[in-house]
Amino acid sequence: LSSRTTLLLVAYLIAACDRLPGPPRPESMEPNLVKRDEATPVTIRGTEFWLDVYADFVEGNIDVKDQFSARLGDTDLLEVEYVDFHTLTAVVPEGLDLGEHVLTVQNPDGQTGSLEKALTVVECVADVDCVDPCRPNNECLDGNCVVGSVEKDSDSDGLIDGLCVGGTDCNDSN
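All figures in this text were calculated on a predicted structure; none of them were measured in a lab.

### Regarding the overall build of the protein
Regarding its fold elements, the protein presents one helix and 13 strands. Traced from its N-terminal end to its C-terminal end, the protein shows the element sequence α-β-β-β-β-β-β-β-β-β-β-β-β-β. Accessible surface, the protein as shown: approximately 10900 Å² in total, 51% of it carbon and sulfur.

In structure tokens form, the structure reads like this:
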């Protein structure tokens, strides 16, 4: 190609784009609540998840880089995959610290974008996550396993359940 043709082609491509690619803008994670002791697949939604495309007009080659990375705080997410301009998938590794985490997404050309409070890591999401045969009547309250009944009246008899194997009406007390 002549330098004039190449210049015209580049000018056309620039004019065809309504804007230059900006940094990624993560907007949400689904789910946004995960258990600490489980690796969890997640979907990251947002905008500006641009691929890095390089076109060599002299040689006629096109190179597309689609390797995104994402992390929660200092912990890298696993298996980050590009789905489309608005969607990435990844796996949150087990063992993250309890609490809220900032998500940072990096696109293939190195630009980053973050989302505060993107994910909350908890000890439990339901009472079944807290079952312990040595400590009966555990329950999940606000993402934490609580040993023993805490003002719980599971049989609705107006009495607080006591601590006993089997659970209800065992040593009910006012």
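### Things to note about the state of the cysteines
On inspection of all chains with the given rule, the structure shows two disulfides. Between the sulfur of cysteine 124 and that of cysteine 140 lies a disulfide, 2.1 Å long from S to S. Torsion about the S-S bond of the cysteine 124 and cysteine 140 cystine: about 95 degrees, corresponding to right-handed handedness. Highlighted residues: cysteine 124 in the loop between β11 (112-122) and β12 (139-141) and cysteine 140 in strand β12, separated in sequence by 16 residues. Note on accessibility: cysteine 124 and cysteine 140 belong to one class, buried.

### Let's talk about the pattern of salt bridges
A pair can form between side chains of opposite charge whenever their charged atoms are brought close. Under the counting rule described, the total for this entry stands at three salt bridges. The closest approach of N and O atoms between arginine 45 and glutamate 30, which form a salt bridge, is 3.1 Å. Of this pair, arginine 45 sits in strand β3 (residues 40-47) while glutamate 30 is found in strand β1 (residues 25-30), placing the two residues 15 residues apart along the sequence. Arginine 45 sits in the partly exposed class, given a relative accessible area of 34%. Through salt bridges with shared partners, a single ionic network connects Lys35, Glu38 and Asp129.

### Things to note about the packing of aromatic side chains
Considering all chains together, one arrives at three aromatic pairs under this definition. Both rings, one in phenylalanine 49 and one in phenylalanine 68, keep their centres 6.2 Å apart while their planes meet at 70 degrees; by these two values the pair is edge-to-face. Of this pair, phenylalanine 49 sits in the loop between β3 and β4 (52-56) while phenylalanine 68 sits in the loop between β5 (61-65) and β6 (69-72), and the two are 19 residues apart along the sequence. Judged by its relative accessible area of 0%, phenylalanine 49 is buried. By relative accessible area, phenylalanine 68 is classed as buried at 1%. For the pair phenylalanine 68 and tyrosine 82, a centre-to-centre distance of 5.6 Å together with 15 degrees between the ring planes defines the contact as stacked. Here tyrosine 82 lies in strand β8 (residues 78-84) and phenylalanine 68 lies in the loop between β5 and β6, a separation of 14 residues in the sequence. Taking relative accessible area as the criterion, tyrosine 82 reaches 27% and is therefore assigned partly exposed.

What counts and how
Residues numbered from 1 in each chain as written. Predicted model: local features only at pLDDT ≥ 70, side-chain atom pairs only at ≥ 80, totals over all residues. Heavy atoms only, no water. Helix = DSSP H or I, 4+ residues; strand = E, 2+ residues; numbered from the N terminus. Areas by Shrake-Rupley, 256 points an atom, 1.4 Å probe, with all protein chains shown as cover. Disulfide = S-S within 2.5 Å. Buried < 20%, exposed > 50% of the residue type's maximum accessible area, 1.4 Å probe, protein only. Salt bridge = Lys/Arg side-chain N within 4 Å of Asp/Glu carboxyl O. Phe/Tyr/Trp six-rings, centres within 6.5 Å; stacked < 30°, edge-to-face > 60°.

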